[in-house]
Amino acid sequence: FGDTVNLASRMESTGEKMRIQCSEVTYNILQDAHFNEFAFKPRSAKDEEGIFVKGKGMMKTWWIEKAEERDSRKSISVASIMNDSIDLEAVLEGENELGP
C-alpha cells in the first residue's frame with residue numbers, strides 16, 4: 001500500500017481512544033492554517049522526544065487538543081492575495097485590519 005497507508009496504520013495503533021494524533025508534517029500544515037486555530041500537545045514516551053513507531057523509529061507526534069475558527073474578519077480570500085489587493089504581511093502582523 002505504500003508509506004502513507006503504513007504510517008496511518010502505525011499512527012492508529014499507537015493512538016488513544018477519543019484523541020486525534022497527528023504527524024510532524026500535519027502539525028506544520030495546521031500551524032499555518034488561516035481559517036482555523038489549533039492547540040497541540042507534544043506526545044512523548046518516557047524521557048524521549050516523540051514516540052516509537054514500528055518501521056519508522058522515533059517520531060514526533062502531537063495530540064490535537066482543540067480546534068477553533070479564527071475571527072471571520074480575518075478571513076482572507078486567495079484571490080485577493082493573488083491580485084495584491086491586500087497587504088497580507090501587514091494583516092498577519094496586525095498592522096492592517098480587514099473589513100467585514
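Above this text is the structure in question.
Residues numbered from 1 in each chain as written. Predicted model: local features only at pLDDT ≥ 70, side-chain atom pairs only at ≥ 80, totals over all residues. Heavy atoms only, no water.

> Sorry if this is basic, but what is going on with unusual backbone geometry here?
Glycine aside, residues mostly have negative phi angles, and peptide bonds mostly take the trans form. For Met 18, which is not a glycine, the phi torsion comes out positive at approximately 60°. For Met 18, the position within the fold is in the loop between α1 (3–13) and β1 (20–23). (Helix = DSSP H or I, 4+ residues; strand = E, 2+ residues; numbered from the N terminus.)

> So what exactly am I meant to see when it comes to the environment of Glu 16 here?
Along the chain, Glu 16 turns up in the loop between α1 and β1. Spatially, the C-alpha atom of Glu 16 lies 9.7 Å from that of Trp 63, the residues being 47 residues apart in sequence. In this structure Glu 16 touches Arg 43 and Trp 63, once residues within four positions along its chain are discounted. (Contact = heavy atoms within 4.5 Å.)

> Explain the pattern of salt bridges here, please?
Proximity of charged atoms lets side chains of opposite charge pair with each other. Taken as a whole and assessed by the stated rule, the structure comprises four salt bridges. Notably, a salt bridge pairs Lys 56 with Asp 3, separated by 2.7 Å at the nearest N-O pair. Highlighted residues: Lys 56 in the loop between β3 (51–53) and β4 (57–59) and Asp 3 in helix α1, separated in sequence by 53 residues. For Lys 56, a relative accessible area of 38% translates into the label partly exposed. Note on Asp 3: relative accessible area 47%, which makes it partly exposed. A salt bridge links Glu 65 to Arg 19; the nearest nitrogen and oxygen atoms lie 2.6 Å apart. With Glu 65 in strand β5 (residues 61–69) and Arg 19 in the loop between α1 and β1, the pair connects residues that are 46 residues apart, well separated along the chain. Residues participating in the shared-partner salt-bridge network are Glu 16, Arg 19 and Glu 65. (Salt bridge = Lys/Arg side-chain N within 4 Å of Asp/Glu carboxyl O. Buried < 20%, exposed > 50% of the residue type's maximum accessible area, 1.4 Å probe, protein only.)

> How should I be thinking about the sheet that holds β1 in this particular structure?
The strands that make up a sheet pair up through hydrogen bonds in the backbone, lying either parallel or antiparallel. As summarised here, the arrangement of the three strands in space is β1-β5-β2, forming an open sheet in which the pairing is antiparallel. Both outer strands of the open sheet, β1 and β2 (36–43), are each paired with one neighbouring strand and no more. Within this sheet the neighbouring strands show an average axis-to-axis angle of 45°, counted without direction. Bridging between β2 and β5 involves eight bridges; their strand directions are antiparallel. (Pairing = 2+ DSSP bridges. Axes fitted to C-alpha atoms, helices over the stretch in contact; angles between N-to-C directions.)

> Looking at this structure, how should I read the packing of aromatic side chains?
Aromatic ring pairs are defined here through the distance separating the ring centres and the angle between the ring planes. Under the definition given, this model contains three aromatic pairs. Between the aromatic rings of Tyr 27 and Phe 40, the centroid separation amounts to 4.7 Å while the plane-to-plane angle is 70°, which identifies the pairing as edge-to-face. With Tyr 27 in helix α2 (residues 24–31) and Phe 40 in strand β2, this residue pair connects regions lying 13 residues apart in the sequence. Considered together, Tyr 27 and Phe 40 belong to a single accessibility category, that of buried residues. (Phe/Tyr/Trp six-rings, centres within 6.5 Å; stacked < 30°, edge-to-face > 60°.)

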